[in-house]
Amino acid sequence: GKENLAKQILADGSRQGEGALVVSTGDDAENVITDYRDRVSGSNNIQFGVVDCRAEGDSSSESQPGLYVHHVSSPGDLTGIGIGITKCLESLHGGGADRGRVALISLSTMLTYTDRETVFKFCHVLSSRLDAAGYIGVFTIDTGAHDEQTLQVIKQAFDGLVEIRDTDAGREARILGLTDAPTAWAAI
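Reference entry: report on the structure contained in this document.

Definitions and limits used
Residues numbered from 1 in each chain as written. Predicted model: local features only at pLDDT ≥ 70, side-chain atom pairs only at ≥ 80, totals over all residues. Heavy atoms only, no water. Salt bridge = Lys/Arg side-chain N within 4 Å of Asp/Glu carboxyl O. Helix = DSSP H or I, 4+ residues; strand = E, 2+ residues; numbered from the N terminus. Buried < 20%, exposed > 50% of the residue type's maximum accessible area, 1.4 Å probe, protein only. Phe/Tyr/Trp six-rings, centres within 6.5 Å; stacked < 30°, edge-to-face > 60°. 1 Å grid on protein atoms, 1.4 Å probe; cavity = no way out; pocket = protein on both sides within 12 Å on 5 of 7 lines; lining within 4 Å. Points joined across faces, edges and corners; volume = space filled by probe spheres on them. Nonpolar A, V, L, I, M, F, W, Y, C, P; charged D, E, K, R; others polar.

**Here we look at the pattern of salt bridges**
Turning to step 1, where the next piece is worked out: The tally for this structure, following the rule as stated, stands at 11 salt bridges.
Turning to step 2, where the next piece is worked out: The residue D35 makes a salt bridge to R39 at a minimum N-O spacing of 2.9 Å. Taken together, the residues span about one helical turn, with D35 and R39 both in helix α2 (residues 29-39) at a distance of 4 residues.
Turning to step 3, where the next piece is worked out: We classify R39 as buried; its relative accessible area is 19%.
Turning to step 4, where the next piece is worked out: Residue R171 is joined to D166 by a salt bridge in which the shortest nitrogen-to-oxygen separation is 3.0 Å.
Turning to step 5, where the next piece is worked out: With a relative accessible area of 34%, R171 lands in the partly exposed category.

The following block contains the structure:
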C-alpha cells in the first residue's frame, strides 16, 4: 500500500499542475511511466520525471515533451541517483514545474546495497534539496524488512512519517511528526 499511496500523492500534485518525479529502485522506467499515465489520465501538460535505478548504463533523455528519464545502473549508486534527480528536477523546472512532488520507491532496496548511515546521509541531503526546490518528498520503506535501529536512523532524515496498517476493516493510515500528536487512524 505504501507504493500506491506515494504514487497517488504525486498524481494528485500533477492534477494541480505540479511536477512529479519517481525514483524507482524496482520497476523500470517504462512500467513507471505507464502506471503514472494511467493515474493522471485526462490531465494536461504533465511534467514527469523518472530515475530508473535498475537500468543498464547511465544516461538521461527527454523522450517526449514533459517526460524526463535518467538511468542508473544500481540502487546502490547513490551518487548517480542524486545526479539523476538533479537533472530531472532541472528539466521539470525548465518545463515550468516550479513546485512538485518526488517519490523514492524504495529505501529498503537501497539498504540492501549500502549501509544505513550512507542512506541516511543521502536522504538528509535530498530532503534539504527538495525543500529548497519547492518539492515535497515521499519515501517508502518496508518496515518489516529492517531492524528497529535501522528504522530509527532513517526516520531522522524526515519531517514526518505516514504509517500504514491492514485491519479487518481494510487499510488505514496515520501521520506522525507533522503535528504535536499522531493523527487518528483513517481508512485509505
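Past the structure itself, the notes keep going.
**Here's the deal with unusual backbone geometry**
Turning to step 1, where the next piece is worked out: Cis peptide bonds are those with omega within 30 degrees of zero, and the linkage from I105 to S106 qualifies with 15 degrees.
Turning to step 2, where the next piece is worked out: Tracing the backbone through its elements, the reader meets S106 in the loop between β5 (100-105) and α4 (107-113).

**Overview of the packing of aromatic side chains**
Turning to step 1, where the next piece is worked out: Tallied over the full model, the rule gives 2 aromatic pairs.
Turning to step 2, where the next piece is worked out: For the pair Y36 and F48, a centre-to-centre distance of 4.1 Å together with 0 degrees between the ring planes defines the contact as stacked. Taken together, the residues Y36 in helix α2 and F48 in strand β2 (residues 48-52) connect sequence positions 12 residues apart.
Turning to step 3, where the next piece is worked out: Between F139 and F158 the ring centres are 4.7 Å apart and the planes differ by 50 degrees, which places this aromatic pair in the tilted class.

**What about the layout of surface pockets?**
Turning to step 1, where the next piece is worked out: Here the largest pocket is characterised by a volume of approximately 1100 Å³.
Turning to step 2, where the next piece is worked out: Lining the largest pocket we find 33 residues, and of these G137, F158, G160, L161 and V162 sit closest to its centre.
Turning to step 3, where the next piece is worked out: Those elements that provide at least two residues to the lining of the largest pocket are α1 (2-15), α5 (116-133), β6 (135-139), α6 (148-155), β7 (161-167) and β8 (170-176).
Turning to step 4, where the next piece is worked out: Among the elements that make up the lining of the largest pocket, the one with the highest residue count is β6 (5 residues).
Turning to step 5, where the next piece is worked out: Classifying every residue of the lining of the largest pocket gives 20 nonpolar, 6 polar and 7 charged.
Turning to step 6, where the next piece is worked out: Quantified by volume, the second largest pocket comes out at close to 170 Å³.
Turning to step 7, where the next piece is worked out: In terms of lining, the second largest pocket is formed by 13 residues, of which the most central are R37, V40, I46, F48 and G66.
Turning to step 8, where the next piece is worked out: Among the residues making up the lining of the second largest pocket, the classes are represented as 7 nonpolar, 5 polar and 1 charged.

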